[in-house]
Amino acid sequence: MTVARIIAEKGSSVVTVQPDRTLDQAIHLLAEKRIGAVVVSDGHGGIAGILSERDIMRALASHGGAAFDQPLANFMTANVTTCTRQTSVEDVMELMTEGRFRHLPVCENGKLVGLVSIGDVVKRRIAAVEAEHQAMRDYITMA
Ligand code: AMP
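Keep in mind it's a predicted model, so treat the numbers as computed, not measured.

Calculation notes
Residues numbered from 1 in each chain as written. Predicted model: local features only at pLDDT ≥ 70, side-chain atom pairs only at ≥ 80, totals over all residues. Heavy atoms only, no water. Buried < 20%, exposed > 50% of the residue type's maximum accessible area, 1.4 Å probe, protein only. Helix = DSSP H or I, 4+ residues; strand = E, 2+ residues; numbered from the N terminus. Pairing = 2+ DSSP bridges. Right-handed = clockwise from strand over helix to strand, strands pointing away. Near = heavy atom within 4 Å. Polar contact = N/O pair within 3.5 Å; in protein donor to acceptor, adjacent residues only side chain to side chain. Areas by Shrake-Rupley, 256 points an atom, 1.4 Å probe, with all protein chains shown as cover. Nonpolar A, V, L, I, M, F, W, Y, C, P; charged D, E, K, R; others polar. Salt bridge = Lys/Arg side-chain N within 4 Å of Asp/Glu carboxyl O. Patch = residues over 30% accessible without salt bridge, like charges linked within 9 Å, V, L, I, M, F, W, Y side chains within 5 Å. Core = buried A, V, L, I, M, F, W, Y, C linked by side-chain atoms within 4.5 Å. Contact = heavy atoms within 4.5 Å.

Student: What exactly am I supposed to notice about the pairing of strand E2 (residues 37-41) here?
Tutor: Residues in a regular strand project their side chains so that they alternate between the two faces of the sheet. The buried fraction of E2 is high, at 5 of 5 residues. Both faces of E2 are covered, namely the face carrying Ala37, Val39 and Ser41 and the face carrying Val38 and Val40. Two elements, strand E1 (residues 16-17) and E2, share 2 bridges in a ladder whose sense is parallel. Considered in E2, the bridge of valine 17 is made with valine 40. In this fold, the crossover linking E1 to E2 by way of helix H2 (residues 23-33) has right-handed handedness.

Listed below in structure tokens is the structure:
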């Protein structure tokens with residue numbers, strides 16, 4: 001299975017934010033949308049960074065309440081690993097495990113076209129394993 005299938009099922013809309021917004025605004029956006037990370041837009045359809053709840057925790061641990069009014073760009077990860085629609089789910093799992101992150105923006109020609117989270121991947125892996133088990137049970141019952 002590739003990322004294209006996941007995007008087709010969940011949709012291609014991604015919550016994005018401008019880098020000059022404050023950390024406080026980003027926190028409210030994450031809470032309102034019930035998500036764990038937001039892609040920071042470069043203003044031209046591409047990616048300037050990603051800000052996840054872990055970055056917010058680190059910002060608060062090092063700056064305390066003074067972090068709230070600072071631009072979120074000060075705390076985002078600018079060097080973002082991305083994948084394409086053609087990337088396999090196995091490769092997504094490897095990228096997430098090696099990079100120690102749970103979100104992977106999907107890009108095509110430098111433009112953001114979707115986002116895959118670890119939850120999306122786990123959901124499909126569980127469905128695939130259950131389908132395999134069912135096929136085994138059917139095979140054994142028929143035999
Ligand atoms: P996460 O596990 O996705 O909440 O993110 C953990 C850390 O990795 C945070 O510092 C994020 O900014 C960073 N991060 C999340 N996704 C990516 C990604 N695709 N590429 C690079 N860093 C990322």
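Student: Just checking my understanding: could you explain the site of the ligand for this structure?
Tutor: Neighbouring the ligand are 15 residues; Ser52, Asp55, Thr77, Arg102 and His103 lie closest to it. Here arginine 102 contributes a side-chain N or O atom positioned 2.7 Å from an oxygen atom of the ligand. Relative to its unbound accessible area of 470 Å², the ligand is 94% covered by the protein chains. Residues of the shell around the ligand, tallied by class, amount to 5 nonpolar, 5 polar and 5 charged.

Student: Whenever I open this one, the pattern of salt bridges confuses me. Can you help?
Tutor: Charged atoms that come close allow side chains of opposite charge to pair. Across all of its chains, the model carries 8 salt bridges by this definition. Among the ionic pairs, lysine 33 bridges to glutamate 32, the shortest N-O distance being 4.0 Å. We classify glutamate 32 as exposed; its relative accessible area is 58%. Residues participating in the shared-partner salt-bridge network are Arg5, Glu9 and Arg124.

Student: Would you mind going over a nonpolar patch on the surface with me for this structure?
Tutor: Residues Met136, Tyr139, Ile140 and Met142 make up a contiguous nonpolar surface patch of about 530 Å² in total accessible area. Of the residues examined, isoleucine 140 reaches a relative accessible area of 58% and is grouped as exposed.

Student: Explanation requested: the nonpolar core in the structure shown.
Tutor: Looking at soluble globular proteins, one finds that nonpolar side chains tend to be buried together. Core analysis: the biggest nonpolar cluster contains 14 residues, and Val17, Leu23, Val38, Val40, Leu51, Leu72 and Phe75 have the highest contact counts within it. Those elements that place two or more of their residues in this core are H2, E2 and helix H3 (53-63). Sort the elements by how many residues they give to this core and H2 lands first, with 4 residues. Not counting residues within four places of it along the chain, the set of residues in contact with leucine 23 comprises Leu51, Ile56, Ala59, Ala67, Phe68, Gln70, Leu72 and Phe75. The next biggest cluster of nonpolar side chains, apart from the first, holds 12 residues, and it includes Ile6, Val89, Val106 and Val121.

Student: Help me understand unusual backbone geometry, please; the structure alone is not making it clear to me.
Tutor: Phi is positive for arginine 100, close to 55°, though the residue is something other than glycine. Looking at the secondary structure, you find arginine 100 in the loop between helix H4 (89-99) and strand E4 (103-108). Relative accessible area serves as the criterion here: at 71%, arginine 100 is assigned to the exposed category. A positive phi is found at asparagine 109, a non-glycine position, where the angle reads about 50°.

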